[in-house]
Amino acid sequence: QVQLVESGGGLVQAGDSLRLSCAASGRSLSDYNMGWFRQAPGKEREFVAGMLFTGASTSYEDSVKGRFTISRDATKTTLYLQMNSLKPEDTAVYYCAAHRASLVIQRAEGQYAYWGQGTQVTVSS
């Protein structure tokens, strides 16, 4: 099974950028469909972005389209979330997650079997 560790969170101002990383160990990212989720205080965890195991297809939640980009490195051991034009409403704990490779990028968190511990992103206005 895969182990996931996120990093890269922090405190930034509105309009700034951050890049989150998710380091995978134990298995290659090409064995899984990957997702980024976030959970704001008092809210349910929500899907942000996902990538097919092939790397050929991605999916985004509407509010982040055009601002966030999910990608992975050539060694298929690190997943990234590049976040540009950050807004205060992007403040949340961000998690990366993995589910068994399939032809559909799942958006429901219950479909994901493996999770990282999360990294806090705070955007001030």
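Okay, so let's go over this structure. (Residues numbered from 1 in each chain as written. Predicted model: local features only at pLDDT ≥ 70, side-chain atom pairs only at ≥ 80, totals over all residues. Heavy atoms only, no water.)

1. Let's talk about the overall build of the protein
- If you tally the helices and strands in the protein, you get zero helices and 11 strands.
- Going from the N terminus to the C terminus, the protein shows its helices and strands as β-β-β-β-β-β-β-β-β-β-β.
- A compact globule built from 125 residues would reach a C-alpha radius of gyration of about 14 Å, and the protein, at 13 Å, matches this within 12%.
- C-alpha atoms of the protein, sized along the principal axes, occupy 40 × 25 × 25 Å.
- Relative to its full complement of 125 residues, the protein shows a buried share of 43%. (Helix = DSSP H or I, 4+ residues; strand = E, 2+ residues; numbered from the N terminus. Rg over C-alpha atoms; globule rule 2.2 N^0.38 Å. Buried < 20%, exposed > 50% of the residue type's maximum accessible area, 1.4 Å probe, protein only.)

2. Description of the environment of Thr77
- Mapped onto the elements of the fold, Thr77 is located in the loop between strand S7 (68–72) and strand S8 (78–83).
- Residues Thr77 and Ser28, spaced 49 residues apart in sequence, show a C-alpha to C-alpha distance of 5.8 Å.

3. A short note on the packing of aromatic side chains
- Tallying each qualifying case throughout the model produces six aromatic pairs.
- Between Phe37 and Phe47 the ring centres are 5.7 Å apart and the planes differ by 80°, which places this aromatic pair in the edge-to-face class. Of this pair, Phe37 sits in strand S4 (residues 32–39) while Phe47 sits in strand S5 (residues 46–51), and the two are 10 residues apart along the sequence.
- Judged by relative accessible area, Phe37 falls into the buried class, the value being 1%. (Phe/Tyr/Trp six-rings, centres within 6.5 Å; stacked < 30°, edge-to-face > 60°.)

4. A word on the pattern of salt bridges
- Applying the stated criterion to the full structure yields six salt bridges.
- Measuring nitrogen to oxygen at the nearest pair gives 3.0 Å for the salt bridge that ties Glu109 to Arg45. Here the residue Glu109 occupies a position in the loop between strand S9 (92–100) and strand S10 (114–115), and Arg45 occupies one in the loop between S4 and S5, the gap between them amounting to 64 residues.
- Close ionic contact of Asp62 with Lys65 constitutes a salt bridge, the shortest N to O distance being 3.2 Å.
- Looking at Asp62, the relative accessible area reads 59%, which means it is exposed. (Salt bridge = Lys/Arg side-chain N within 4 Å of Asp/Glu carboxyl O.)

5. Focus on the side chain of Glu61
- For Glu61, the position within the fold is in the loop between strand S6 (58–60) and S7.
- At 4.1 Å, Arg38 is the nearest oppositely charged side chain to Glu61, a buried residue that forms no salt bridge.
- If near-sequence neighbours (up to four positions away) are discounted, Glu61 is found in contact with Arg38, Phe47, Val48 and Arg107. (Lys, Arg positive; Asp, Glu negative; His and termini not counted. Contact = heavy atoms within 4.5 Å.)

6. Focus on the pairing of strand S11 (residues 119–124)
- Side chains Thr119, Val121 and Val123 project from S11 onto a buried face, and the interleaved Gln120, Thr122 and Ser124 project onto a face without burial.
- Two strands pair when backbone bridges link them, and strand S2 (residues 10–13) and S11 are joined in this way by four bridges, in the parallel orientation. The partner of Gln13 across the bridge, within S11, is Ser124.
- Note: S9 against S11, three bridges, orientation antiparallel. Bridged to Val93 within S11 is Gln120. (Pairing = 2+ DSSP bridges.)

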